[in-house]
Amino acid sequence: DTEVTQTPKHLVMGMTNKKSLKCEQHMGHRAMYWYKQKAKKPPELMFVYSYEKLSINESVPSRFSPECPNSSLLNLHLHALQPEDSALYLCASSQDLTEVTFGAGSRLTVL
Amino acid sequence: RKEVEQDPGPFNVPEGATVAFNCTYSNSASQSFFWYRQDCRKEPKLLMSVYSSGNEDGRFTAQLNRASQYISLLIRDSKLSDSATYLCGSGGSNYKLTFGKGTLLTVNP
């Protein structure tokens, strides 16, 4: 079982909906990440939180809004998404850059 | 230029073959290097970290050449279960881990 837990595993939403993806890790890792992965493509970095502060935003559209309530939790709030935003959203965490551990992902479909 | 460039593949090899993957990275300040394995519709899983001294884990050997800015992965005596996409990654002090495009390996019986 992965040590990074993501919910929900699958999400279908309309373009006017507001939903959230959730991620939790209890490894004491200080950095948490959101990646987006389309089919047959590598994961693309979206956001990095370091010590609960947003340290990297890879020019992600504002319809994606990350939140880090505490050192174990990371959310991704979704609003007014487009069908092309349909993808696998991967959360990950690391203590430093010696190893990044991924969650199983949330598969998002935007209708 | 992309931060991490990877052999496009795909690679189709028979069982028992030796296969090598290579990646180059553009950021000379990169500090950490990895190989991940990703099975279809699953998350990437760390296969090996890559060190300047090289490291070996059973049939897998990873090498880092800082002067030429490339990393490699060698799989010996490939098994059917090695079939997957292999992703190389590099990271810096800012926790940013960037992946290559990935190479699909299919090991055939």
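Criteria and cut-off values
- Residues numbered from 1 in each chain as written.
- Chains lettered and ligands numbered in written order.
- Predicted model: local features only at pLDDT ≥ 70, side-chain atom pairs only at ≥ 80, totals over all residues.
- Heavy atoms only, no water.
- Helix = DSSP H or I, 4+ residues; strand = E, 2+ residues; numbered from the N terminus.
- Rg over C-alpha atoms; globule rule 2.2 N^0.38 Å.
- Contact = heavy atoms within 4.5 Å.
- Lys, Arg positive; Asp, Glu negative; His and termini not counted.
- Charge placed at Lys NZ, Arg CZ, Asp CG, Glu CD.
- Buried < 20%, exposed > 50% of the residue type's maximum accessible area, 1.4 Å probe, protein only.
- Areas by Shrake-Rupley, 256 points an atom, 1.4 Å probe, with all protein chains shown as cover.
- 1 Å grid on protein atoms, 1.4 Å probe; cavity = no way out; pocket = protein on both sides within 12 Å on 5 of 7 lines; lining within 4 Å.
- Points joined across faces, edges and corners; volume = space filled by probe spheres on them.
- Nonpolar A, V, L, I, M, F, W, Y, C, P; charged D, E, K, R; others polar.
- Buried area = accessible area lost by both parts, 1.4 Å probe.
- Salt bridge = Lys/Arg side-chain N within 4 Å of Asp/Glu carboxyl O.
- Polar contact = N/O pair within 3.5 Å; in protein donor to acceptor, adjacent residues only side chain to side chain.
- Pairing = 2+ DSSP bridges.

**Observations regarding the overall build of chain B**
For chain B, the helix and strand inventory stands at zero helices and 11 strands. Counting helices and strands in the order they occur from the N terminus, chain B gives β-β-β-β-β-β-β-β-β-β-β. Its C-alpha radius of gyration of 13 Å places chain B within 12% of the 13 Å reference for a compact globule of 109 residues. At a minimum sequence separation of 6, the contacts of chain B that also span at least 24 residues come to 54%. Looking at charge distribution, chain B has the averaged site of its 12 positive side-chain charges lying 6 Å from that of its 10 negative ones.

**Let's talk about the overall build of chain A**
Looking only at helices and strands, chain A has zero helices and 11 strands in total. In sequence order, the secondary structure elements of chain A are arranged as β-β-β-β-β-β-β-β-β-β-β. For chain A, whose C-alpha radius of gyration is 13 Å, the value lies close to the compact-globule estimate of 13 Å for 111 residues. Its C-alpha atoms give chain A principal-axis dimensions of roughly 35 × 25 × 20 Å. For chain A, with 111 residues in total, the buried portion stands at 48%. Long-range contacts, defined here as pairs at least 24 residues apart, represent 52% of the contacts in chain A between residues at least 6 apart. When the accessible surface of chain A is totalled, it reaches about 5,500 Å², and 50% of it is carbon and sulfur. The average position of the 12 basic charges and that of the 11 acidic charges among the side chains of chain A differ by 9 Å.

**Quick notes on the layout of surface pockets**
Taken as a whole, the largest pocket spans an internal volume of roughly 1,100 Å³. Forming the boundary of the largest pocket are 40 residues, of which Gln37, Lys38, Lys40, Lys41 and Pro42 of chain A lie nearest the centre. Elements with a contribution of two residues or more to the lining of the largest pocket: strand E4 (31-37), strand E5 (44-50), strand E9 (87-94) and strand E11 (106-110) of chain A together with strand E9 (84-91), strand E10 (97-99) and strand E11 (103-108) of chain B. A per-element tally of the lining of the largest pocket places E11 of chain B first, with four residues. For the lining of the largest pocket, the class distribution of residues is 17 nonpolar, 10 polar and 13 charged.

**Description of the interface of chain A and chain B**
Tallying the contact residues gives 26 residues for chain A and 19 residues for chain B. When chain A packs against chain B, close to 1,700 Å² is buried across both sides, 60% of that on carbon and sulfur atoms. Counting the contacts that link chain A with chain B gives one salt bridge. Here lysine 96 of chain B makes a salt bridge to glutamate 58 of chain A, at a shortest N to O gap of 3.1 Å. Connecting chain A to chain B are four residue pairs in polar contact (both at pLDDT 80 or more). When contributions to the side of chain A that touches chain B are tallied by element, the ones reaching two or more residues are E4, E5, E9 and strand E10 (100-102) of chain A. For the side of chain A that touches chain B, the element with the most residues is E4 of chain A, which contributes four residues. Classifying every residue of the side of chain A that touches chain B gives 14 nonpolar, seven polar and five charged.

**Thoughts on the environment of glycine 100 of chain B**
Residue and element names in this part refer to chain B. For glycine 100, the location among the structural elements is in the loop between E10 and E11. Judged by relative accessible area, glycine 100 falls into the buried class, the value being 1%. With 15 residues separating them along the chain, glycine 100 and threonine 85 place their C-alpha atoms 11 Å apart.

**Here's the deal with the pairing of strand E8 (residues 73-79) of chain A**
Residue and element names in this part refer to chain A. By the bridge criterion, seven bridges tie strand E3 (residues 18-25) to E8 in an arrangement that is antiparallel. Within the sheet, the bridge partner assigned to lysine 18 lies in E8 and is histidine 79. As paired elements, strand E7 (residues 64-70) and E8 share five bridges and run antiparallel to each other. Pairing of proline 66 across the sheet is with leucine 76, part of E8. Following E7, the chain reverses through two residues before pairing antiparallel with E8.

**Comments concerning the pattern of salt bridges**
Per the counting criterion, the structure on display carries eight salt bridges over all chains. The shortest N-O distance in the salt bridge between glutamate 56 of chain B and arginine 76 of chain B comes to 3.6 Å. In this pair, glutamate 56 of chain B is assigned in strand E6 (residues 55-57) and arginine 76 of chain B in the loop between strand E8 (70-75) and E9, connecting sequence segments 20 residues apart. Relative accessible area serves as the criterion here: at 26%, arginine 76 of chain B is assigned to the partly exposed category. Among the charged side chains, a salt-bridge network with shared partners connects Lys36, Arg63 and Asp85 of chain A.

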